[in-house]
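Single-letter residue listing:
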Amino acid sequence: MTRSTILRLRGLWFQVHKWIGLSLAILIIPISISGAALVWHDWLDETINPQRYAVTGEAALGPAAYAAAAQAALGPGERIASIRYPEHGRGPVVVAAVRPGKGRPVRTNVWLDPGSARLLDAASADAGTVRFLHVLHGSLAMPGWGRTIVGWVGLFMFVSCLTGLWLWWPLTGSLRRGWRWKRQNSANANLHHLVGFWVLLPLAMLSFTGAWISFPGLFGGPERPRAAPASPLAETAMTADSALALARAGAGGAPRTIGWPTDRSPTWRIAFARAGGGAAEVEVDDGTGAVKPPPAPPPETYARLMRRLHDGTGMGAVWQIVIFLGGIIPAILAVTGIVMWLRSRGWRAALAKKRKAGRLALQPAE
């Protein structure tokens with residue numbers, strides 16, 4: 001490939017890279033910053049709502065006591081749907097409830113002190129800063145087409161990573177030249193080149209996995225049709241304490257979640273922590289008390305792997321830091337890219353004005 005061909009291709013990639021960044025900057029910034037914040041969503045929620053985490057001890061009561069305490073804080077018609085225990089020993093017990101009805105059901109979360117079942121807080125599941133960040137990151141808070149738009153942003157960002165690598169690659173000299181700070185005269189451009197290179201792999205991974213999550217069918221994953229939500233039963237044949245006692249015979253470990261029977265599946269779904277990580281779910285028939293032991297741990301699927309790579313679940317602190325930086329830095333690249341574009345327009349306009357003045361000076365006087 002001749003040098004002139006390389007330069008023409010480089011110019012083409014530059015145009016693709018530039019216009020992807022300029023066109024999507026207004027979308028990249030909120031998606032990136034919200035994603036970075038959600039890496040530590042539990043810490044963020046505790047910082048914003050410290051009253052929810054003012055616990056006095058570990059879980060020491062039966063689930064029926066937590067359900068009764070939560071029910072006292074709920075409105076008429078709201079039914080208990082699940083209980084979630086703290087995963088790391090200390091934290092609140094969270095009871096989720098729904099109010100069945102036409103359309104999307106109203107959901108409420110109730111935070112309880114695990115040692116005493118004392119009410120700590122109650123709020124709509126769709127309210128709050130952390131919930132807003134989830135909606136902003138997943139769909140730009142735009143119902144309908146929002147998730148599709150976020151998926152396309154991920155695909156274009158992946159292309160931008162590829163074009164950015166081409167543009168970073170030095171045309172002359174060794175690769176060490178690409179890592180120099182003073183590669184260009186502008187500090188803003190040097191920041192864009194260096195930061196863009198070091199975040200390239202995490203950003204490409206986040207972009208690709210984000211697109212996979214938005215378009216699983218495009219990458220060969222299963223497209224799950226949305227079904228109408230199931231409603232928890234208003235009355236159950238057995239208590240939550242009885243269901244938990246029966247489930248313990250089928251699995252060991254501490255309980256993590258308890259799901260109430262619904263109008264579609266009249267069974268209690270009780271998940272216990274596995275020794276090697278993950279959860280083992282036991283089903284207890286609400287009518288007969290029959291216990292269905294937990295199945296073998298499911299194999300890792302591409303969909304689950306993409307989700308874990310994208311949000312850092314169970315991936316350790318180092319990976320979470322990488323994801324956090326992969327969320328913050330795209331916003332920096334968007335800002336520095338816009339500044340570079342504005343400055344280039346400025347010096348191009350000045351150069352055109354200078355050339356025009358030179359041509360006028362060379363014209364003969366009439």
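Residues numbered from 1 in each chain as written. Predicted model: local features only at pLDDT ≥ 70, side-chain atom pairs only at ≥ 80, totals over all residues. Heavy atoms only, no water.

## A look at unusual backbone geometry
Step number 1: A positive phi angle, near 55 degrees, is found at L140, a position not held by glycine.
Step number 2: Owing to a relative accessible area of 9%, L140 belongs among the buried residues under this scheme.
Step number 3: Of note, the phi angle at A141 is positive, near 55 degrees, even though the residue is not glycine.
Step number 4: Here A141 shows up in the loop between α4 (129-139) and α5 (146-168).
Step number 5: A141 gets classed as partly exposed once you look at its relative accessible area, which sits at 38%. (Buried < 20%, exposed > 50% of the residue type's maximum accessible area, 1.4 Å probe, protein only. Helix = DSSP H or I, 4+ residues; strand = E, 2+ residues; numbered from the N terminus.)

## A few points about α4
Step number 1: Of all the residues in α4, the buried ones are V130, L133, L136 and S139.
Step number 2: Two residues or fewer after α4 comes L140, characterised by a positive phi angle close to 55 degrees.

## Description of the pattern of salt bridges
Step number 1: Summed over all chains, the structure comprises 6 salt bridges.
Step number 2: In this structure, D121 and R52 form a salt bridge, with 2.8 Å as the shortest nitrogen-oxygen distance. One end of the pair, D121, is in strand β4 (residues 119-124); the other, R52, is in the loop between α2 (41-48) and α3 (63-73), with 69 residues separating them in the sequence.
Step number 3: Relative accessible area serves as the criterion here: at 17%, D121 is assigned to the buried category.
Step number 4: Take R52: its relative accessible area is 8%, and that puts it in the buried class.
Step number 5: Linking D113 and R118 is a salt bridge whose minimum nitrogen-to-oxygen distance equals 3.7 Å.
Step number 6: Residue D113 is classed as buried on the basis of its relative accessible area, which comes to 0%. (Salt bridge = Lys/Arg side-chain N within 4 Å of Asp/Glu carboxyl O.)

## Regarding the packing of aromatic side chains
Each pair of aromatic rings is reported with the distance of its centres and the angle of its planes.
Step number 1: Considering all chains together, one arrives at 7 aromatic pairs under this definition.
Step number 2: Members of the aromatic cluster, each reached through a chain of ring pairs, are W152, F156 and F215.
Step number 3: The ring of W111 carries the charged tip of R52 above its face, separated from the ring centre by 3.8 Å. (Phe/Tyr/Trp six-rings, centres within 6.5 Å; stacked < 30°, edge-to-face > 60°. Lys NZ or Arg CZ within 6 Å of the ring centre and 35° of its normal.)

## Concerning the packing of α4 against α5
When two helices pack together, their arrangement is captured by the angle between the axes and the distance separating the axes.
Step number 1: It is at 6 Å that the axes of α4 and α5 come closest, and there the two elements cross at 65 degrees. Contacts from H137, G138 and S139 of α4 reach α5 at G146, R147 and V150.
Step number 2: Class assignment for the residues of the contact of α4 with α5 results in 1 nonpolar, 4 polar and 1 charged. (Axes fitted to C-alpha atoms, helices over the stretch in contact; angles between N-to-C directions. Contact = heavy atoms within 4.5 Å. Nonpolar A, V, L, I, M, F, W, Y, C, P; charged D, E, K, R; others polar.)

## Overview of the nonpolar core
Generally speaking, a soluble globular protein has its nonpolar side chains buried in company with each other.
Step number 1: Core analysis: the biggest nonpolar cluster contains 26 residues, and Y66, I83, V95, W260, W268 and I270 have the highest contact counts within it.
Step number 2: Of all the secondary-structure elements, those providing two or more residues to this core are α3, β1 (79-84), β2 (93-99), β3 (106-112), α8 (240-248), β6 (267-273) and β7 (279-285).
Step number 3: The element contributing the most residues to this core is α8, with 4 residues.
Step number 4: Counting residues in hydrophobic clusters, the runner-up holds 17 residues, among them I31, V150, V153 and L203. (Core = buried A, V, L, I, M, F, W, Y, C linked by side-chain atoms within 4.5 Å.)

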